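Understanding the architecture of this molecule
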Amino acid sequence: MPGGYVGRIAFIDLSKQKYHIEPLNMTYARLYIGGKGIAARYLLDYLPRGVDPLSPDNLLVVMTCPANGTAAPASPKYPIVTKSPLTGYWLDTHSGGAVGVELKYAGFDGVIISGKADKPLYLYIEDGKIEFRRANHLWGLRISDTRRAIKEELGDPQVKVLSIGPAGEKLVKYAIIDSEGRQHGRGGAGAVMGSKNLKAIAVRGSGRVEVALPREFENIVEEMEEKDIFKNPEAEFGIKWGSISLGWFTNEAGALPTRNFQTGSFELWSGIDALAVARVRVKRAACRQCPIGCHNVILITSGKYAGTLTEGPEYETASLLGSNLGIGDIGALAKLNYLADELGLDTISLGGVLGWATELYERGIISIEETGGLDLRFGNDEAYVVLTEAIAYRKTPLADILAEGTRRACERIGRDSCRYAVHVKGLELPAYDPRAAPAMGLSYAVADRGGDHLRSWPIGPEVLGRYWLGAKPIAIERWSPDNKAIIVVQQEHQYAAKFAAGVCDFCCWDNERLGLLIYAVTGFEEYKDVKGFELAGERIVNLIRVFNVREGMTARDDILPPRIHEDPHVSGPTKNRVLPREWFEKMKREYYEIRGWDTEGRPTIDTLKRVGVDEGVLKHVTW
Amino acid sequence: MSYYVLEFDSGKCTGCERCVLACNYIKTGYYGTRDSRLRVFAWRDTGDFIVTGCYHCDPAPCMEACGVDAIYRDPKTNSVLIDYRKCINCKACVYACPYGAITLGSDGKVIKCDLCAGDPACVKACDYGALRFIRADKVGIDFAYQYAISLKSRTDISKRTWSGVRPG
């Protein structure tokens, strides 16, 4: 067994309450590294085409990555992979929670869960064995209560728990899965878990992970810690403030979503920015094996939300639940963040949905009777607190509609409401407005899981005006569609391969060192060279595109919401800016060309052969 | 005496468990948590993290419980060590330890912290300054200093006593 893997995958059938263990397919491991790469390959094998995401036939895959559980810095990230109930396409959702590492110590590279239990269950995975345990008494509990109850029941405080909250049970389409206080947020993996009547997965392992080349590994770890983290000014923001500090940059650049993306900078931002968070911070916290420690634990001591203790807010949360709702008070933000985490809702999608509903109410598209008496105005935090709870439990008719996500909700409400919905493929947009950074629009449109910022992050190079292609810096013109597709493509390669290895997006942007890390952990020679690393990233991107095209994705799905093209920002540094349609189409055309995809956005056989996917993938290519 | 002591500050601990990983690795050569001599307990919802391990007590209950004198104190580092040539693996020390710091390793033998012979791997692995290896005469000085600062900022000089702030 090469280092980095434990070599076993568990196939769990909840309907029959049985499981079997298969050896990890090493061809897949070698080609797709780990995490989302391997999971995508298994999904192609085992998930039939066109499955309803909330049916028992959908698969829920918890997959670990080769660097998980080793001493590699900032490498606890692991994905949960499934078909998304929000988009109907591919979903991988990562977190740095402690469960991934523990799962590897428990002797599994991944678990693939199918079927549906007839009564609520939770799984207890301990050192190679899997137990099906009743969860009737846990059904309905909030997330931290679930975690506590399971630890008490199993009598082991060091068990790590993956669980859903009430929102997941009620099949809210953007429900999260919590992993020891970190969230697998996007795309509604929690609803898939809920649809399987699976409340939680408790994991405990006393096994081992070994690396293939210990000496090389120690060297590269030392080098990464020094060059990528402690002596890298770009990593400082995470160590000092956490992700929330990104808001200074986006607010100034006009990319901060404000009042349902009506504008790009928020006049009350200083009330919820990194300094405001630092003022109420009581503690720093970190994911497992991470030296960055970007989490802030905050305690609100004054105002009507006094006593709220929560981990966060991250930048995306502060933006979508803060500026996007017109909230500039750290107490209200902390309360909403706390509720979302405890009830099990994705803060990004929740913020998108609430912001959209508020705009409809302010425009008179929905009435006060429909909101159930809530005066849903921007900045009215009390209404948002009520509505958030209502959504998690689907308490009121409006909440029941909003629980479906903006795309389905606007189809149900009708009345021109889709005009104001801000999503790509059903996934609500995160906190970088493409009107302030055109390439970000392309990034959202072509991201594998819908509108998402973790597939490429071109806003950085765009606003700073510099980008390194190889060793050569090339000048980037921000307000132009030129040279943008190539940035997105190259970043997508890096992110895909990096996430497959388990490394966090807050660390380590040097492809060479990332490749060497994978080489040292697994011993696979091809990653020693930076080209091998980048090709693996490209391979994974193409593999997932094959999955998506098989599920019916075409170039017509790779679009942006009308607001981005038609509604100019009403204030701030980007006043009157839109992202012109012709710019977007040009970038998209270039993107497909560079990728070697046809005009319908489908990878050609030649492209797939060039990037080196295995033969099994080609038989899924029917176009 | 100028021996060194392991000091833990939970206010700085982030729960990353790098100390556990480093301990396990230096003792066994693989990555895991099974053979770590220290443990991290985490309450993620409140951000509380506690690292527990051997405090090298003096007098040490484990030493007193050992019937074959296999536990002894190293005069150089003042640490409490197990002599595996004498140890009969009876586990009396495991039950005697008030802190659960002695446990059974994956090879079935009793294991405990030995301060890595005066150069603890856990301390080197801690990037947050929560675990430190400091000279015995400096133990507590940071906490005392923090307290002094808070006292200084809270009151004027006339209101301070040696045990805190004078009431009223």
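What counts, and where the lines are drawn
- Residues numbered from 1 in each chain as written.
- Chains lettered and ligands numbered in written order.
- Predicted model: local features only at pLDDT ≥ 70, side-chain atom pairs only at ≥ 80, totals over all residues.
- Helix = DSSP H or I, 4+ residues; strand = E, 2+ residues; numbered from the N terminus.
- Rg over C-alpha atoms; globule rule 2.2 N^0.38 Å.
- Buried ≥ 20, exposed ≤ 12 C-beta atoms within 10 Å, placed from the backbone.
- Contact = placed C-beta atoms within 7 Å.
- Pairing = 2+ DSSP bridges.
- Axes fitted to C-alpha atoms, helices over the stretch in contact; angles between N-to-C directions.
- Core = buried A, V, L, I, M, F, W, Y, C linked by C-beta atoms within 7 Å.
- Nonpolar A, V, L, I, M, F, W, Y, C, P; charged D, E, K, R; others polar.
- Domains from an automatic or database assignment.
- pLDDT = per-residue confidence, 0-100.
- Parallel < 35°, antiparallel > 145°, perpendicular 65-115°, else oblique.
- Left-handed = near helix turned anticlockwise from the far one by under 90°.
- Expected span 1.5 Å × (residues − 1).

1. What about the overall build of chain A?
Secondary structure summary: chain A contains 25 helices and 19 strands in total. A globule of 623 residues ought to have a C-alpha radius of gyration of about 25 Å, and chain A, at 23 Å, matches this closely. Dimensions of chain A along its principal axes, counting C-alpha atoms only, are 60 × 60 × 50 Å. Relative to its 623 residues, chain A shows a buried fraction of 64%.

2. Section: the overall build of chain B
Secondary structure summary: chain B contains five helices and ten strands in total. In terms of principal-axis extent, the alpha carbons of chain B reach across some 60 × 35 × 25 Å. Sequence-distant contacts, at least 24 apart, represent 54% of the contacts inside chain B between residues at least 6 apart.

3. Overview of the sheet that holds strand S9 (residues 160-163) of chain A
Residue and element names in this part refer to chain A. With mixed pairing, six strands are arranged side by side in an open sheet as S8-S7-S12-S9-S10-S11. Since the sheet does not close on itself, it has two edges, and those belong to strand S8 (129-134) and strand S11 (182-184), each with one partner. Sheet twist, expressed as the average angle between the axes of neighbouring strands with direction ignored, equals 20°. Pairing analysis gives three bridges linking strand S10 (residues 177-179) to S11, with the strands arranged antiparallel. Counted as the bridge partner of Asp-178 is Gln-183 from S11.

4. Topic: the sheet that holds strand S2 (residues 18-23) of chain A
All names here are of chain A. Strand order in this open sheet of six strands is S2-S1-S6-S3-S4-S5, and the pairing throughout is mixed. Of all strands in the sheet, those with a lone pairing partner are S2 and strand S5 (90-95), marking the two edges. For this sheet the average axis-to-axis angle between neighbouring strands, irrespective of direction, equals 15°.

5. Quick look at the nonpolar core
Residue and element names in this part refer to chain A. Ranked by internal contacts, the top residues of the largest apolar core, which has 250 residues, are Val-61, Tyr-122, Leu-345 and Leu-517. No other element matches the ten residues that helix H19 (residues 484-501) contributes to this core. In this structure, Tyr-122 is in contact with Arg-133, Ala-135, Leu-138, Ile-150, Leu-198, Lys-199, Ala-200, Ile-201 and Ala-202, ignoring residues within four places of it in sequence.

6. Topic: the interface of chain A and chain B
Of the residues lining the interface, 27 residues belong to chain A; the matching set on chain B comes to 19 residues. Counting only elements with at least two residues in the side of chain A that touches chain B, the list comes to strand S13 (281-285) and strand S15 (309-311) of chain A. Looking at the side of chain A that touches chain B element by element, the count peaks at four residues for S13(A). Along the lines of polarity and charge, the residues of the side of chain A that touches chain B split into twelve nonpolar, eight polar and seven charged.

7. Focus: the domain arrangement of chain A
All names here are of chain A. Here chain A is partitioned into domain 1 (8-204), domain 2 (245-428) and domain 3 (438-618). Taking only C-alpha atoms into account, the centre of domain 2 sits 27 Å from that of domain 3. Between domain 2 and domain 3, the residue contacts involve 21 residues of the former and 22 residues of the latter. Residue assignment for the side of domain 2 that touches domain 3 shows that the elements contributing at least two residues are strand S16 (423-424) and strand S17 (427-428). Of the residues in the side of domain 2 that touches domain 3, the class split is eleven nonpolar, seven polar and three charged.

8. Topic: the pairing of S2(A)
Residues and elements named next belong to chain A. Along S2, only zero of the six residues are buried, which leaves the element largely exposed. Here six bridges tie strand S1 (residues 8-13) to S2, and the two strands are oriented antiparallel to one another. Residue pairing across strands places Ala-10 opposite Ile-21, the latter belonging to S2. Counted between consecutive antiparallel strands, the loop separating S1 from S2 contains four residues, among which Gln-17 sits at a positive phi close to 50°.

9. Considering the confidence of the model for chain B
Chain-level pLDDT for chain B is 90 on average; 99% of the residues reach the 70-or-more range. Of the two predicted TM-score estimates for the complex, the pTM is 0.92 and the ipTM is 0.89.

10. Structural notes on the environment of B:Lys159
All names here are of chain B. Summarising the element assignment, Lys-159 is placed in the loop between helix H5 (141-154) and strand S9 (160-161). A C-alpha to C-alpha distance of 39 Å links Lys-159 and Val-123, two positions 36 residues apart in sequence. With near-sequence residues (within four places) excluded, Lys-159 lies in contact with Val-165 and Arg-166.

11. Thoughts on the pairing of strand S3 (residues 60-63) of chain A
Residue and element names in this part refer to chain A. Every second residue of S3 is oriented toward a common face, with Leu-60 and Val-62 on one face and Val-61 and Met-63 on the other, all of them buried. In the sheet, S3 pairs with strand S6 (residues 110-114) via four bridges, with the strands oriented antiparallel. Residue pairing in the sheet places Met-63 in a bridge with Gly-110 of S6. Across two bridges, the pairing between S3 and strand S4 (residues 78-83) is antiparallel. Within S4, the residue paired with Val-62 across the bridge is Ile-80.

12. Overview of unusual backbone geometry
The residue after A:Gly312, namely A:Pro313, is reached through a cis peptide bond having omega -5°. Looking at the element boundaries, A:Pro313 is found in the loop between S15 and helix H11 (315-322). A cis amide bond links B:Asp58 to the next residue, B:Pro59, at an omega of 5°. With respect to the helices, strands and loops of the structure, B:Pro59 is situated in the loop between strand S3 (48-52) and helix H2 (61-65). Positive phi values are uncommon outside glycine, yet A:Asn260 reaches one of about 50°. On the secondary structure map, A:Asn260 appears in the loop between helix H9 (246-253) and helix H10 (274-280).

13. Things to note about the packing of helix H7 (residues 214-230) of chain A against helix H20 (residues 511-522) of chain A
All names here are of chain A. Between H7 and H20, the shortest axis-to-axis distance is 9 Å and the interhelical angle comes to 155°. Relative to H20, the element H7 is oriented roughly antiparallel. By crossing handedness, the relation of H7 to H20 is classed as left-handed. Counted together, Glu-216, Phe-217, Ile-220, Glu-223, Met-224 and Asp-228 of H7 and Arg-513, Leu-516, Leu-517, Ala-520 and Val-521 of H20 form the full contact between these two elements. Tallied by class, the residues present in the contact of H7 with H20 amount to seven nonpolar, no polar and four charged.

14. Comments concerning H7(A)
Residue and element names in this part refer to chain A. With 17 residues, H7 ought to run about 24 Å at 1.5 Å a step, and its terminal C-alpha atoms sit 22 Å apart, in line with that. Among the residues of H7, those classed as buried are Phe-217, Ile-220, Val-221, Met-224, Glu-225, Asp-228 and Ile-229. In this fold, the buried residues of H7 make contact with H20.

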